[in-house]
Amino acid sequence: MPTQPLSPQETEDRLRELPGWSLEDGRITRTYHLGSHRAAAAMVAHIAAIQDELNHHSDLTLGYSTLSLTVRTHDAGDAVTGLDLDLARRVEDIAPAHGAN
């Protein structure tokens, strides 16, 4: 059974709890800035483990010292769901340990 999409208002309300995250083109997104390429790559590996644990995956873009995530739920018609916000919260929780801002 697919997860139900959140309304844009519900998404915006929940994003208030996730500074740096925004709603763009029907998906939530965030770019982190890290101290080095190695730190950004380490954060990618940590996020991949979380995504596997949740069985919910984002699009990740690794730059030299940046990491961008784009999250939406394919099974909900590429809409934003509670799963997306849960994943964003988990990423926010680990970001300080990687020196991400």
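Overview of the structure. (Residues numbered from 1 in each chain as written. Predicted model: local features only at pLDDT ≥ 70, side-chain atom pairs only at ≥ 80, totals over all residues. Heavy atoms only, no water.)

## Some thoughts on the overall build of the chain
For the chain, the helix and strand inventory stands at three helices and four strands. Mapped in sequence order, the helices and strands of the chain form the string α-β-β-α-β-β-α. Relative to the compact-globule value of 13 Å for 101 residues, the chain shows a C-alpha radius of gyration of 13 Å, a close match. Residue burial in the chain is summarised as follows: out of 101 residues, 38% are buried. Contacts in the chain between residues at least 24 apart in sequence constitute 65% of all its contacts with a sequence separation of at least 6. As displayed, the chain has an accessible area near 5,600 Å², and 50% of this comes from carbon and sulfur atoms. A distance of 6 Å separates the average location of the 8 positive side-chain charges in the chain from that of its 15 negative side-chain charges. (Helix = DSSP H or I, 4+ residues; strand = E, 2+ residues; numbered from the N terminus. Rg over C-alpha atoms; globule rule 2.2 N^0.38 Å. Buried < 20%, exposed > 50% of the residue type's maximum accessible area, 1.4 Å probe, protein only. Contact = heavy atoms within 4.5 Å. Areas by Shrake-Rupley, 256 points an atom, 1.4 Å probe, with all protein chains shown as cover. Lys, Arg positive; Asp, Glu negative; His and termini not counted. Charge placed at Lys NZ, Arg CZ, Asp CG, Glu CD.)

## A few points about the environment of S58
Position of S58 relative to the elements: it lies in the loop between α2 (37-54) and β3 (59-62). Judged by relative accessible area, S58 falls into the buried class, the value being 13%. Taking the C-alpha atoms as reference points, S58 and D25, 33 residues apart in sequence, are found 15 Å from one another. When residues no more than four places from it in sequence are discounted, the contact partners of S58 are Q51, L69, T70, V71 and L87.

## Some remarks on the environment of A40
By the secondary structure assignment, A40 is in helix α2. Accessibility expressed as a relative area gives 0% for A40, which makes it buried. Expressed as a C-alpha distance, the spacing of A40 and A100, which sit 60 residues apart in the sequence, is 8.1 Å.

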